[in-house]
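# Coordinate inspection notes
Residues per chain are reported as follows:
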Amino acid sequence: MNREELIFALADRIKAAKGADKPFILAIDGRCAAGKTTLAQELSRLTGAAVVHMDDFFLQPFQRTKARLDTPGENVDWERFKAQVLLPLSRGETARFRPFDCHTLGFKEESFISPENGVIVEGTYCLHKALRDFYSLKVFADIPPQAQRRRIEKRNGKEGAAAFVQKWIPLEESYFSACDPAAICDYVITSE
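Summarised in this report is the structure supplied together with it. All of these numbers come straight from a predicted model, not from anything done at the bench.

## Considerations on the nonpolar core
One finds Val-52, Phe-81, Val-85, Ile-113, Val-121 and Tyr-135 to be the most contacted residues of the largest nonpolar core, which totals 29 residues. If you list the elements that add at least two residues to this core, you get strand E1 (25-30), strand E2 (50-53), helix H4 (78-90), strand E3 (95-97), strand E7 (119-122) and helix H5 (145-179). When residues of this core are assigned to their parent elements, the largest contribution, 5 residues, is made by H4. Among all residues touching Val-52, those that are not within four sequence positions of it are Phe-57, Phe-81, Val-85, Phe-97, Ile-113, Val-119, Ile-120, Val-121 and Glu-122. With 21 residues, the next largest nonpolar core counts Ile-7, Leu-10, Ala-11 and Leu-43 among its residues.

Spelled out as structure tokens, the structure:
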């Protein structure tokens, strides 16, 4: 199945779930620069589903301990994400949370996410072992290393790309190796 066919298949699944007893929550995990956010935006445009970004649950400074960062999959505040987003949505309730801004190291205004039209959760670590059972459907976005570096450099510049290569990609790869989220996904999509 090519990318376009996958997008329409996923959109059909989201639309078909409207009005069901259980809220539809789609997870899009994967490597940085693999197109997770773009895929989520396209699906939202086609279906009206709300989008939640795992980047809004970046670790606060006090949480960034060596022990936590040395543990695969712990580079996100999955506990807050589970409590404020997945638990309410799974009960058919509106999720309320304040996105964390890693640039200001503070919280933004409160966001409200309704499960009515489905919800798309995008971002690395959204398939953390403690979160996996909440999703109706799971997608892994992959990308070859050279294409990934090219995209990161285009998006973040040479300095920003260096930070990804030195810090963020190794943390992600540790998570992928230890937790293998791709293995539990319904679909894997590869970008070039």
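After that view, the rundown keeps rolling.
## Brief notes about the pairing of strand E8 (residues 137-142)
Looking along a regular strand, one sees the side chains alternate between the two faces of the sheet. In terms of residue burial, E8 counts as a mostly covered element, since 5 of its 6 residues are buried. Examined bridge by bridge, E8 and strand E9 (residues 187-190) share 4 bridges and lie parallel to one another. Looking at the pairing, Phe-140 lines up with Val-188 of E9.

## Remarks on the packing of aromatic side chains
Taken as a whole and judged by the stated rule, the model has 7 aromatic pairs. The interplanar angle of 45° and the centroid separation of 4.8 Å between the aromatic rings of Tyr-125 and Tyr-175 together place this pair among those described as tilted. Placement of Tyr-125 in the loop between E7 and E8 and of Tyr-175 in helix H5 is noted, with a sequence separation of 50 residues between them. Centroid distance Phe-140 to Phe-176: 5.4 Å. Interplanar angle 80°. Geometry classified as edge-to-face. Here Phe-140, found in strand E8, pairs with Phe-176, found in helix H5; they are 36 residues apart in sequence, far enough to count as distant. Under the relative-accessibility criterion, Phe-176 is labelled buried at 7%.

## With respect to the packing of helix H1 (residues 3-16) against helix H2 (residues 36-47)
The contact between H1 and H2 brings their axes to 10 Å, and the two run at 50°. The angle between the axes of H1 and H2 places the two elements in the oblique class. Helix-helix and strand crossings are classified by hand; for H1 and H2 the assignment is right-handed. Residue-level contacts link Arg-3, Ile-7, Phe-8, Leu-10, Ala-11, Ile-14 and Lys-15 of H1 to Thr-38, Leu-39, Glu-42, Leu-43, Leu-46 and Thr-47 of H2.

## Focus on H2
Between the first and last C-alpha of H2 there are 16 Å, a value that for 12 residues agrees with the 16 Å anticipated at 1.5 Å per step. Lys-36, Leu-39, Ala-40, Leu-43 and Thr-47 are the residues of H2 that are buried. Viewed end-on, H2 has its buried residues packed into an arc of 100°, placing them on one side of the element. Taken together, the buried residues of H2 touch H1, E1, E2, E7 and E8. Looking one or two residues beyond H2, the residue adopting positive phi is Gly-48, at roughly 85°.

## Notes on unusual backbone geometry
Glycine aside, residues mostly have negative phi, and peptide bonds are mostly found in the trans state. For Tyr-125, which is not glycine, the phi torsion reads 85° and is therefore positive. One non-glycine residue, Asp-180, adopts positive backbone phi at about 45°.

## Re the side chain of Thr-124
Considering the arrangement of structural elements, one finds Thr-124 in the loop between E7 and E8. For Thr-124, a relative accessible area of 9% puts it in the buried group. A polar atom in the side chain of Thr-124 sits 3.3 Å from the side chain of Glu-172. Leaving out residues up to four positions away in the same chain, Thr-124 has contacts with Asp-29, Gly-30, Arg-31, Cys-32, Lys-36, Met-54, Glu-172, Tyr-175 and Phe-176.

## Description of the environment of Leu-131
Counting through the fold element by element, Leu-131 comes out in the loop between E7 and E8. Its relative accessible area of 0% is what places Leu-131 among the buried residues. C-alpha of Leu-131 to C-alpha of Glu-79: the two residues are 52 residues apart in sequence and 9.1 Å apart in space. Residues contacting Leu-131, with those up to four places away along its chain left out, are Trp-78, Phe-81, Lys-82, Leu-86, Tyr-125 and Cys-126.

The rules behind each value
- Residues numbered from 1 in each chain as written.
- Predicted model: local features only at pLDDT ≥ 70, side-chain atom pairs only at ≥ 80, totals over all residues.
- Heavy atoms only, no water.
- Core = buried A, V, L, I, M, F, W, Y, C linked by side-chain atoms within 4.5 Å.
- Buried < 20%, exposed > 50% of the residue type's maximum accessible area, 1.4 Å probe, protein only.
- Helix = DSSP H or I, 4+ residues; strand = E, 2+ residues; numbered from the N terminus.
- Contact = heavy atoms within 4.5 Å.
- Pairing = 2+ DSSP bridges.
- Phe/Tyr/Trp six-rings, centres within 6.5 Å; stacked < 30°, edge-to-face > 60°.
- Axes fitted to C-alpha atoms, helices over the stretch in contact; angles between N-to-C directions.
- Parallel < 35°, antiparallel > 145°, perpendicular 65-115°, else oblique.
- Left-handed = near helix turned anticlockwise from the far one by under 90°.
- Expected span 1.5 Å × (residues − 1).
- Arc of directions from axis to C-beta.
- Polar contact = N/O pair within 3.5 Å; in protein donor to acceptor, adjacent residues only side chain to side chain.

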